[in-house]
Amino acid sequence: MTFIIATLVFFAVKFLLGSLNSKPEELMVKLDAIVLADDTFQLFYLNNSAKVFNEKQSVISQVKGDSSIQTIRFKLPQDHTINKFRLDIGINRKQKPIQISSFTVANEYDSIAYDISKKFNKNLCIIEHNGKFATKIVSNSYDPFFTSNFNVNATIVALTSEKALVNNIVTYLISLVFALSFLLSATLNNFSLNRFTPNAYILLFVLIIVTPQLAKLFESEVETGNEKRKLAEKPEWSFKESYPKAFEAYYNDNFGLRPFLINWSSKLKIRFFKDSPKPELAQFGNDGFIFFNEYEEKSGGIYSSYSNTNLASEKELEKALLMHTKLKNDLAAKGIEYVFGFWPNKHSIYNDLLPYTMKLQVANETSLADQTVSYFEKAKLPMFDVRQDLLKNKNKKQLYYKFDSHWNANGAYEAYLAFCEQTFEQLALKPFPIEDFEISYSKVKKGDLTDLMGIDSIPNYYDEKPIYKLTNSDKRYHFIYPGGIYKNAFITENKNCGNNKTALVFRDSYGAAMIQFLSLHYAKVIYIGKSNVDMYWVNKINPDVIILGVVERRLPYILDMVE
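Worth saying up front: this structure is predicted, and the values here are computed from it rather than measured.

Novice: Summarise the overall build of the chain; cite the residues concerned and give the values.
Specialist: The number of helices and strands found in the chain is 19 helices and 24 strands. Sorting the 563 residues of the chain into buried and exposed places 48% on the buried side. Contacts spanning at least 24 positions in sequence make up 72% of the contacts within the chain whose residues lie at least 6 apart. When the accessible surface of the chain is totalled, it reaches about 28700 Å², and 55% of it is carbon and sulfur.

Okay, structure coming up:
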């Protein structure tokens, strides 16, 4: 009877594990590289609907120069028909040789890595030497890029198709361990040999210990797709003191069943305890909101911003004021209007929903934003600050995504109204009323904060994404793709806006949601991914208006406080 029950346990566990299927919800390309100077990388992808690479089917990533290896990520759509890649490695003509160790296509469970030297073709602007890629100008053109020469579509299909969460052989192995455990537990008391009892437990212990390693034999040699770092590599054997630590780091990152255990551990923490698997990156607040909690400034961190520990000295504020006063005067001499300011952190608007542990970190009531706005106002050089308008409206409608660090279209629209009002003397923009938009909503189950936590979604939770569409089609703008030096910029054109003005907008990711509103007011708008005014673009475009706006946590970049 005991054997029959053990057999039933085996098949029950096998059935449960075999029924665990998962359809990946994330698809991305990760580039592990050493890029010594700031630059802009862009990944283009072709699918069955396009014959040539175009800006619409591309992803841009801003790269911060660093002497150590970094992972550059490009998020791709879930499209089975993607069949070719083109990787553009920058617009910085003074870029130093770039070292690329791997090009990886990944979902949240698996990844497939390629050697960029063998699986991609280089154009004339790239020279490979000693494992590094130097870029050069050819015929007065600087456009270094790689094009794929492997079967991209097979890779995409493999990584976007539904598959079993646990390998079939691993399923048998785990089921066998459970069955043996039950069999031994049920029968041990029936044996009279005292020496058998410790031996049986030793056998069970050994089975548990070796199961991950046996499972490793049948797993694909792939990196987990939802960890935002490169896993430790197996070190070469040596008698050096550092070898044991290096091997321990490798084993901790690569033992069998690790992706499965991490994924389910994260889901259990979230589902039953509302506890973040990675609290150092993101934490659960109230009402289903998640808040960004990255400490490292080089990684785009927010800790010093929300904790108000990045306050400026009087000397720093004076220096920033002189810089922007001079810039405004220089631009005015060219006939260019200049406005600048910031978009508030999610933490500043939904401070009441922050988790208790994050509230404890707030060191001062005054923030850097408070300091700067007050100082510049006294000097008669006001900057736009839309915080009060968003705070006034946050209880009327949701202004920021719950699972993302960014605001949604509702938040961007309220900021747009406040921006137009605060800059009216200079720009004279009359905002489109809410009645001019058709607003619809779609459900979303993830965002950049769930990505940081290493999860694909939160069970039984979803957020709503507002979508604004101007009802008067005659007033709408459209994107243009001139290529050349503009290939990494977003450019809109609007022939029915009532003027022939060109606006140059320097922005970060927060500015993306403002494109749909600002583009309604100018004949042409060029959006550049920078946190300061770059005179190269000013001299190249000679615009009528310059707008500089970044998220509050990047205010130190506007003030030139970042080394």
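Novice: Can you explain the sheet that holds strand β21 (residues 490–493)? Please cite residues and give values.
Specialist: Paired through backbone hydrogen bonds, the strands of a sheet run either parallel or antiparallel to each other. Taken in spatial order, the 7 strands make up an open sheet running β17-β16-β24-β22-β23-β21-β20, and their pairing is mixed. The open sheet has two edge strands with one neighbour each: β17 (384–385) and β20 (478–480).

Novice: Can you tell me about the nonpolar core, naming the residues and giving the values?
Specialist: Trp343, Trp407, Phe419 and Ile547 are the most contacted members of the largest nonpolar core, which has 58 residues in total. When neighbours within four sequence positions are excluded, Phe419 is seen to be in contact with Val339, Trp343, Phe384, Val386, Leu427, Leu429, Leu518 and Ile547.

Novice: Before we move on, can you summarise the pattern of salt bridges with the specific residues and values?
Specialist: Applying the stated criterion to the full structure yields 12 salt bridges. Put simply, Lys122 and Glu128 hold a salt bridge, and the shortest N to O gap is 3.5 Å. The class for Lys122 is partly exposed, based on a relative accessible area of 36%. Residue Glu128 is classed as partly exposed on the basis of its relative accessible area of 32%. The shortest N-O distance in the salt bridge between Lys394 and Asp352 comes to 2.7 Å. Of this pair, Lys394 sits in the loop between α13 (387–393) and α14 (409–422) while Asp352 sits in the loop between α10 (346–349) and α11 (356–359); the two residues are 42 residues apart in sequence, bridging distant segments of the chain.

Novice: How would you summarise the environment of Lys487 if you had to cite specific residues and measurements?
Specialist: Considering the arrangement of structural elements, one finds Lys487 in the loop between β20 and β21. Separated by 427 residues in the primary sequence, Lys487 and Ile60 place their C-alpha atoms 10.0 Å from one another. Discounting residues that sit within four places of it in the chain, Lys487 has contacts with Gln42, Glu55, Asp88, Gly90, Ile91 and Asp143.

Novice: Could you give an account of the side chain of Ser519, naming the residues involved and the relevant values?
Specialist: Structurally, Ser519 can be placed in the loop between α17 (515–518) and β23 (524–529). At a separation of 2.7 Å, a polar atom in the side chain of Ser519 contacts the main-chain carbonyl oxygen of Ile515. Aside from chain neighbours lying at most four places away, what touches Ser519 is Tyr477, Thr492, Asn494, Val525 and Tyr527.

Novice: Before we move on, can you summarise the sheet that holds strand β5 (residues 70–75) with the specific residues and values?
Specialist: A sheet is described by the order of its strands in space; here 4 strands give the open sequence β5-β2-β7-β8, paired in antiparallel fashion. With partners counted over all chains shown, the strands left at the sheet margins are β5 and β8 (111–114), one partner each. Each neighbouring strand pair of the sheet contributes to a mean axis angle of 25°, computed without reference to strand direction. Sheet analysis places strand β2 (residues 28–34) next to strand β7 (residues 99–106), joined by 7 bridges and oriented antiparallel. In the sheet register, Ile34 faces β7, and the bridge partner there is Gln99.

Novice: How would you explain a nonpolar patch on the surface if you had to name every residue and give the values?
Specialist: On the surface, Phe479, Tyr481 and Phe490 cluster together to form a nonpolar patch covering roughly 260 Å² of accessible area. Along the polypeptide, Phe479 turns up in strand β20.

Novice: Please give an account of the environment of Gln426 that cites residues and values.
Specialist: Within the secondary structure, Gln426 is located in helix α15 (residues 424–427). A relative accessible area of 28% places Gln426 in the partly exposed class. In terms of polar contacts, Gln426 uses its side chain to reach the backbone carbonyl oxygen of Tyr338, at 3.1 Å.

Novice: Can you tell me about helix α3 (residues 152–160), naming the residues and giving the values?
Specialist: Along α3, the residues classified as buried are Val152, Thr155, Ile156, Leu159 and Thr160. Viewed end-on, α3 has its buried residues packed into an arc of 115°, placing them on one side of the element. Of the surrounding secondary structure, the elements contacted by the buried residues of α3 are β6 (84–88), β7, β8 and β12 (145–148). At the N-terminal boundary of α3, the capping side chain belongs to Asn151, with an oxygen 3.4 Å from the backbone nitrogen of Asn153.

Novice: Mind laying out helix α9 (residues 314–333), listing which residues take part and the relevant values?
Specialist: Over its 20 residues, α9 runs 29 Å from end to end, which matches the ideal 28 Å to within 8%, given 1.5 Å per residue. Buried within α9 we find Leu317, Ala320, Leu321, His324, Leu327 and Leu331. End-on view of α9: buried residues confined to an arc of 135°, all on one side of the axis. Of the exposed residues in α9, those oriented more than 90 degrees away from the buried face are Glu314, Lys315, Lys319, Leu322, Lys326 and Ala333. On its buried face, α9 sits against β16 (337–343), α12 (368–378), α18 (535–541), β24 (545–551) and α19 (555–558). Looking one or two residues past α9, Gly335 carries a phi angle of roughly 80°, positive in sign.

Novice: Would you mind going over the packing of aromatic side chains in detail, with residue names and values included?
Specialist: Counted by the stated rule, this structure contains 33 aromatic pairs. Relative to Tyr510, the ring of Trp407 lies with its centre 5.3 Å away and its plane at 45°, an arrangement referred to as tilted. Of this pair, Trp407 sits in the loop between α13 and α14 while Tyr510 sits in the loop between β22 (502–507) and α17, and the two are 103 residues apart along the sequence. Considered together, Trp407 and Tyr510 belong to a single accessibility category, that of buried residues. Taking the centre distance of 5.8 Å and the plane angle of 80° together, the rings of Tyr477 and Phe479 count as edge-to-face.

Novice: Residue-level account of the packing of α9 against α12, with values.
Specialist: For the pair α9 and α12, the least separation of the axes is 11 Å and the interaxial angle reads 55°. When the axes of α9 and α12 are compared, the pair comes out oblique. In this structure, the crossing between α9 and α12 has a hand that is right-handed. Residues Glu314, Leu317, Glu318, Ala320, Leu321 and His324 of α9 pack against Gln371, Thr372, Tyr375 and Phe376 of α12. Split into classes, the residues belonging to the contact of α9 with α12 amount to 5 nonpolar, 3 polar and 2 charged.

Scoring rules and cut-offs
- Residues numbered from 1 in each chain as written.
- Predicted model: local features only at pLDDT ≥ 70, side-chain atom pairs only at ≥ 80, totals over all residues.
- Heavy atoms only, no water.
- Helix = DSSP H or I, 4+ residues; strand = E, 2+ residues; numbered from the N terminus.
- Buried < 20%, exposed > 50% of the residue type's maximum accessible area, 1.4 Å probe, protein only.
- Contact = heavy atoms within 4.5 Å.
- Areas by Shrake-Rupley, 256 points an atom, 1.4 Å probe, with all protein chains shown as cover.
- Pairing = 2+ DSSP bridges.
- Core = buried A, V, L, I, M, F, W, Y, C linked by side-chain atoms within 4.5 Å.
- Salt bridge = Lys/Arg side-chain N within 4 Å of Asp/Glu carboxyl O.
- Polar contact = N/O pair within 3.5 Å; in protein donor to acceptor, adjacent residues only side chain to side chain.
- Axes fitted to C-alpha atoms, helices over the stretch in contact; angles between N-to-C directions.
- Patch = residues over 30% accessible without salt bridge, like charges linked within 9 Å, V, L, I, M, F, W, Y side chains within 5 Å.
- Arc of directions from axis to C-beta.
- Expected span 1.5 Å × (residues − 1).
- Phe/Tyr/Trp six-rings, centres within 6.5 Å; stacked < 30°, edge-to-face > 60°.
- Parallel < 35°, antiparallel > 145°, perpendicular 65-115°, else oblique.
- Left-handed = near helix turned anticlockwise from the far one by under 90°.
- Nonpolar A, V, L, I, M, F, W, Y, C, P; charged D, E, K, R; others polar.

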